[in-house]
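One letter stands for each residue in the lines below.
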Amino acid sequence: MPELPEVEVVRRGLDRWITGRTVATVDVLHPRAVRRHDGGALAFEADLTGCTITAVERRGKYLWLVLDGGESGALVAHLGMSGQLLVVEAQRNDDPHLRVRIGWAPGRTPQRELRFVDQRTFGGLFLEPLVVEPALGRTVPASVAHIAPDPFEPGFDRLAVAKNIRRKRTGLKRALLDQTVVSGIGNIYADEALWRARQHFARRTESLTSPQIAEVLDHATEVMSAALTQGGTSFDALYVDVNGSSGYFSRSLNAYGQEGEPCPRCGRFIVREAFMNRSSFRCPSCQRRPRVPHG
DNA sequence: AAGAACTCCTGGATGC
DNA sequence: TGCATCCAGGAGTTCT
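Residues numbered from 1 in each chain as written. Chains lettered and ligands numbered in written order. Predicted model: local features only at pLDDT ≥ 70, side-chain atom pairs only at ≥ 80, totals over all residues. Heavy atoms only, no water.

*Asks:* Sorry if this is basic, but what is going on with the overall build of chain A here?
*Replies:* Secondary structure summary: chain A contains six helices and 12 strands in total. Its C-alpha radius of gyration of 20 Å places chain A within 12% of the 19 Å reference for a compact globule of 295 residues. Dimensions of chain A, computed from the C-alpha atoms along their principal axes, are close to 60 × 40 × 30 Å. In chain A, which comprises 295 residues, the proportion classed as buried is 53%. (Helix = DSSP H or I, 4+ residues; strand = E, 2+ residues; numbered from the N terminus. Rg over C-alpha atoms; globule rule 2.2 N^0.38 Å. Buried < 20%, exposed > 50% of the residue type's maximum accessible area, 1.4 Å probe, protein only.)

The following block contains the structure:
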């Protein structure tokens with residue numbers, strides 16, 4: 001559920017609250033939360049303790065805290081389906097699905113701490129070295145190197161990505177969700193972008209021109225930008241910013257989750273269909289099924 | 001080797 | 001009321 005706008009809201013909150021702080025204590029309450037860390041929970045606790053957060057960066061849905069200017073690598077975070085990074089007063093009661101607690105060296109009062117809370121445990125935290133991407137000149141964690149730039153990165157070339165998608169010869173939504181092609185787009189914003197572009201999710205990419213695909217990418221960028229100004233999309237308490245507040249973009253959705261509601265453009269009822277083991281929402285009039293389907 | 005299938009997980013909603 | 005089943009889905013891994 002957290003896609004690019006939601007992760008960016010969290011990144012901004014973390015940047016404001018924890019940049020410059022030094023880790024004093026690390027407490028892993030559920031080993032699965034650090035399953036991607038080399039060496040497991042004990043190594044995670046030992047490796048992170050003593051590090052200072054010098055920056056908070058993001059690519060797509062991946063977020064990372066630069067440690068000691070990069071000298072100690074980065075603490076990578078992926079929120080998965082239900083992950084939350086919360087900055088809360090240390091004395092507050094533990095959250096029901098608290099997985100990792102990170103305490104700071106004493107500083108401002110009240111004393112706060114960083115908590116990773118994750119109901120469905122698809123998300124996780126892990127430390128990794130940073131690597132330089134030759135093509136872009138950007139420094140990213142090793143496991144983020146295979147993730148393509150998101151539309152808000154300086155290295156994002158919309159026409160080059162469009163040409164790449166066209167060459168993939170696959171279904172349009174499948175391409176939008178492929179994080180190695182363009183990152184940050186998940187099920188919600190893919191459906192919203194397709195609705196805005198009046199395209200069907202199964203439309204073959206090779207049947208579109210590169211400028212047409214670039215337009216779909218522009219719609220995705222615009223809808224994510226609009227969501228960001230609303231604090232992201234929240235359907236329940238599962239997605240929140242670092243202070244626990246929900247975003248408001250769910251009220252602006254035109255297609256996603258709108259089964260049985262009238263299309264805001266034409267009034268036909270939005271339908272839900274299974275695609276790629278997940279729900280896809282579309283207007284049956286504005287987004288007609290292509291004659292050569294699937295992909 | 002690209003792409004489909006499978007897997008991880010919990011709790012709220014739904015069905016009988 | 002209570003128990004069983006379904007469903008949400010990102011991304012790494014395995015299979016074809």
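*Asks:* I tried to follow the protein's contact with DNA strand C on my own but got confused; where do I start?
*Replies:* Neighbouring DNA strand C are 14 residues, the closest being Tyr62, His78, Tyr256, Arg278 and Ser279. Among all atoms of DNA strand C positioned within 4 Å of the protein, those belonging to sugar or phosphate total 68%. Arg36 places a polar side-chain atom, nitrogen or oxygen, 3.4 Å from a phosphate oxygen of DNA strand C. Take Arg120: an N or O atom from its side chain is 3.4 Å from a base nitrogen of DNA strand C. Split by residue class, the surface near DNA strand C holds four nonpolar, five polar and five charged. (Near = heavy atom within 4 Å. Polar contact = N/O pair within 3.5 Å; in protein donor to acceptor, adjacent residues only side chain to side chain. Nonpolar A, V, L, I, M, F, W, Y, C, P; charged D, E, K, R; others polar.)

*Asks:* Please explain the packing of helix H1 (residues 4-18) against helix H6 (residues 210-229) as it appears in this structure.
*Replies:* Packed helices, taken two at a time, are described by the angle between their axes plus the distance between the axes. Between H1 and H6, whose axes approach to 8 Å, the crossing angle comes to 40°. In terms of orientation, H1 lies oblique with respect to H6. Where H1 crosses over H6, the handedness of that crossing is right-handed. From H1, Leu4, Pro5, Glu8, Val9 and Arg12 reach across to H6, where they touch Met224, Ala227 and Leu228. (Axes fitted to C-alpha atoms, helices over the stretch in contact; angles between N-to-C directions. Parallel < 35°, antiparallel > 145°, perpendicular 65-115°, else oblique. Left-handed = near helix turned anticlockwise from the far one by under 90°. Contact = heavy atoms within 4.5 Å.)

*Asks:* Help me out: how do you make sense of the sheet that holds strand S2 (residues 53-59) in this one?
*Replies:* Within a beta sheet, neighbouring strands are joined by backbone hydrogen bonds and run either parallel or antiparallel to one another. With antiparallel pairing, the four strands of this open sheet are ordered in space as S2-S3-S4-S8. Two strands bound the open sheet, and with one partner strand each, they are S2 and strand S8 (124-128). For this sheet the average axis-to-axis angle between neighbouring strands, irrespective of direction, equals 20°. Packing against the sheet, H1 makes contact with S2 and strand S3 (62-67), and its axis sits at approximately 170° to S2. Those strands touched by helix H2 (residues 40-48) are S3, strand S4 (74-78) and S8, and its axis lies near 60° from that of S8. (Pairing = 2+ DSSP bridges.)

*Asks:* What exactly am I supposed to notice about the sheet that holds strand S6 (residues 98-104) here?
*Replies:* Spatially, S1-S6-S7-S5 is the arrangement adopted by the four strands of the open sheet, whose pairing is antiparallel. Edge positions in the open sheet fall to strand S1 (23-28) and strand S5 (83-89), since each of these has one partner strand only. Adjacent strand axes in the sheet meet at a mean angle of 20° when their direction is disregarded. Of the strand pairs in this sheet, S6 and strand S7 (residues 112-118) are connected by five bridges, and their pairing is antiparallel. The residue bridging Ile102 from the neighbouring strand is Leu114, located in S7. Sitting on the sheet, H1 touches S5, S6 and S7, and the angle it makes with S5 is about 30°. In the packing of H2 onto the sheet, the strands contacted are S1 and S6, and the crossing angle to S1 comes to about 170°.

*Asks:* Would you mind showing me how to read empty space enclosed by the protein here?
*Replies:* Taking a probe equal in size to a water molecule and rolling it over the atoms shows the remaining empty space. Under the defined criterion, the tally for this structure stands at one cavity of 30 Å³ or more. In this structure, the largest cavity spans a volume of roughly 40 Å³. Along its surface, the largest cavity is lined by Leu14, Leu63, Leu65, Leu75, Ala77, Leu85, Leu114 and Leu125. For the lining of the largest cavity, the secondary structure elements donating two or more residues are S3 and S4. Grouping the amino acids of the lining of the largest cavity by side-chain chemistry returns eight nonpolar, no polar and no charged. (1 Å grid on protein atoms, 1.4 Å probe; cavity = no way out; pocket = protein on both sides within 12 Å on 5 of 7 lines; lining within 4 Å. Points joined across faces, edges and corners; volume = space filled by probe spheres on them.)

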